[in-house]
Amino acid sequence: MADAHAKPQHDYHLVDPSPWPLISSMACVVMFVGAVMWMKGLFGLPEGTKYVFFAGLAGVLYAMFGWWSDVIKESKKGDHTPVVSIGLRYGMVLFIASEVMFFVAFFWMFFDMAIFNESRAIIPEVGNWMDTGKAWSTWPPKGVELLDPWSLPLLNTVILLLSGTTVTWAHHALAVGDRKAAKLGLLITVLLGVLFTGVQAYEYQHIIHEHLFFNEEAAQSGLYGSIFFMATGFHGFHVLVGTIFLAVCLLRLQAGQMTPQKHFGFEAAAWYWHFVDVVWLFLFAFVYVTFG
């Protein structure tokens with residue numbers, strides 16, 4: 001009987017029963033339903049109701065903290081064997097690949113509207129479709145005022161490219177055992193991520209306040225603004241998640257939890273951050289410059 005409960009003599013790790021997948025799913029549902037309530041109103045609650053969204057967000061953050069804590073505990077117990085570590089790497093690579101396809105969908109929509117815009121004019125005269133097709137037949141759509149790509153968008157490009165170099169510096173410093181340099185490089189990266197988010201929030205405030213995308217003249221051209229906010233907004237969300245990811249790594253470094261031989265959490269965060277950098281380069285090159 002004692003042998004039945006002995007430590008497994010293999011390189012694999014069977015995860016203990018965990019509540020975090022269920023809690024994460026439920027919190028995400030609450031958060032996104034709350035977002036709809038905030039923007040449009042739902043279930044008898046008026047537009048502008050915010051508390052449901054923030055309740056869901058709090059649940060997501062709680063699940064993130066609990067799930068990551070469990071993974072760190074597994075690592076400390078020695079459950080992350082070489083075979084398990086390979087599986088973690090495969091999982092992160094597949095996750096980033098799925099995120100790439102997520103953004104491909106937005107780029108596809110934007111390219112379709114920008115390159116094949118003339119075909120939109122060939123629309124049957126049904127309801128308001130004729131007016132919509134006429135508005136989409138030119139690019140940018142009539143009434144839409146575009147942003148100057150060489151001001152705030154260029155600034156954010158420089159910020160993200162610089163953050164890519166600092167996170168690489170921090171990663172290499174940790175790999176050679178220079179913990180002081182690793183902490184400094186990671187701190188700078190986190191601050192640059194916060195700065196990027198601040199600049200993008202200011203840009204959004206400018207767009208909304210000046211009615212650049214949504215105004216009376218562009219009454220039938222709202223698709224441009226919708227695509228713009230979806231593509232750049234979801235990227236901004238990824239920057240926020242990446243910043244949290246790196247901040248957790250910084251706290252772990254401060255606690256002395258990572259070593260030159262074992263720091264996959266930091267490595268995965270660096271991969272994710274470089275992915276965010278590359279996506280922004282495509283956004284800047286095409287959404288702001290080429291088709292702007």
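Structure first, text after, so check above.
A short tour of the structure in this document, coming up.

Conventions adopted
The written sequence of each chain sets the order in which its residues are numbered from 1. Local features are withheld for residues below a pLDDT of 70 in this predicted model, meaning they are given only at 70 or higher, and side-chain atom pairs are given and counted only at 80 or more; totals for whole chains, interfaces and linings count all residues. Computation of side-chain values: all heavy atoms of the structure, hydrogens and water removed. Numbering of helices and strands runs from the N terminus; a helix is a DSSP stretch of H or I covering at least four residues, while a strand is a stretch of E covering at least two. Each residue gets one of three labels from its accessible area relative to the maximum for its type: buried under 20%, exposed over 50%, partly exposed in between, using a 1.4 Å probe on protein chains only. Note on definitions: a residue-residue contact is assigned when non-hydrogen atoms from the two residues lie within 4.5 Å. Here the Shrake-Rupley method, with its probe set to 1.4 Å, supplies the accessible areas, and only the displayed protein chains count as covering residues. A residue counts as positive if it is Lys or Arg and as negative if it is Asp or Glu; His and the chain ends are not included. One speaks of a salt bridge when a side-chain nitrogen belonging to Lys or Arg is within 4 Å of a carboxyl oxygen belonging to Asp or Glu. Fitted lines through C-alpha atoms give the axes, limited to the stretch in contact for helices. The angle between two N-to-C directions lies from 0 to 180 degrees. In these notes the angle categories are as follows: under 35 degrees is roughly parallel, over 145 is roughly antiparallel, 65 to 115 is roughly perpendicular, and the rest is oblique. For a crossing to be left-handed, the near helix must be turned anticlockwise from the far one by less than a right angle; the clockwise case is right-handed. Each residue receives one of three labels: charged for Asp, Glu, Lys and Arg, nonpolar for Ala, Val, Leu, Ile, Met, Phe, Trp, Tyr, Cys and Pro, and polar for the others, Gly being one of them. By this rule the span expected of a helix is its residue count minus one, scaled by 1.5 Å. Here the arc refers to the directions that run from the helix axis out to each C-beta atom.

Per the secondary structure count, the protein includes 8 helices and 0 strands. Reading the helices (α) and strands (β) of the protein from amino to carboxyl end gives α-α-α-α-α-α-α-α. Relative to its 292 residues, the protein shows a buried fraction of 40%. Residue pairs in contact within the protein that sit at least 24 positions apart in sequence constitute 72% of those at least 6 positions apart. In the form shown here, the protein has an accessible surface area of approximately 16,900 Å², with 71% of it arising from carbon and sulfur atoms.

Within the fold, Asp 277 resides in helix α8 (residues 264-290). In this structure Asp 277 is buried but unpaired, with Arg 89 as the nearest side chain of opposite charge at 19 Å. Not counting residues up to four positions away in its chain, the partners in contact with Asp 277 are Leu 160, Ser 163 and Gly 164.

What follows deals with the environment of Met 37. You can see Met 37 is positioned in helix α1 (residues 20-40). Separated by 12 residues in sequence, Met 37 and Thr 49 place their C-alpha atoms 5.9 Å apart. In this structure, Met 37 is in contact with Leu 42, Phe 43, Leu 45, Pro 46, Glu 47, Gly 48, Thr 49 and Val 52, ignoring residues within four places of it in sequence.

Axes are the key here: two packed helices are described by the angle between their axes and the distance separating the axes. Packing of helix α5 (residues 152-175) against α8 leaves a shortest axis separation of 10 Å and a crossing angle of 160°. Classed by the angle they form, the pair α5 and α8 counts as roughly antiparallel. Where α5 crosses over α8, the two elements pack in a sense that is left-handed. Of the residues assigned to the contact of α5 with α8, the class counts are 15 nonpolar, 7 polar and 2 charged.

Bringing α1 into the picture now. Here α1 is 21 residues long and its end C-alpha atoms lie 30 Å apart, about the 30 Å a rise of 1.5 Å per residue gives. Residues of α1 that are buried: Trp 20, Ser 24, Ala 27, Met 31, Gly 34, Ala 35 and Met 37. Seen from one end, α1 has its buried residues packed into an arc of 160°, which puts them on one side. Opposite the buried face of α1, at more than 90 degrees from it, the exposed residues are Leu 22, Met 26, Val 29, Phe 32 and Lys 40.

Next up on the list: the environment of Ile 188. Mapping Ile 188 onto the fold places it in helix α6 (residues 179-210). Owing to a relative accessible area of 32%, Ile 188 belongs among the partly exposed residues under this scheme. Measuring from C-alpha to C-alpha, the distance between Ile 188 and Leu 162 comes to 9.5 Å, with 26 residues separating the pair along the chain. Beyond its immediate chain neighbours, meaning those up to four positions away, Ile 188 contacts Thr 166 and Trp 169.

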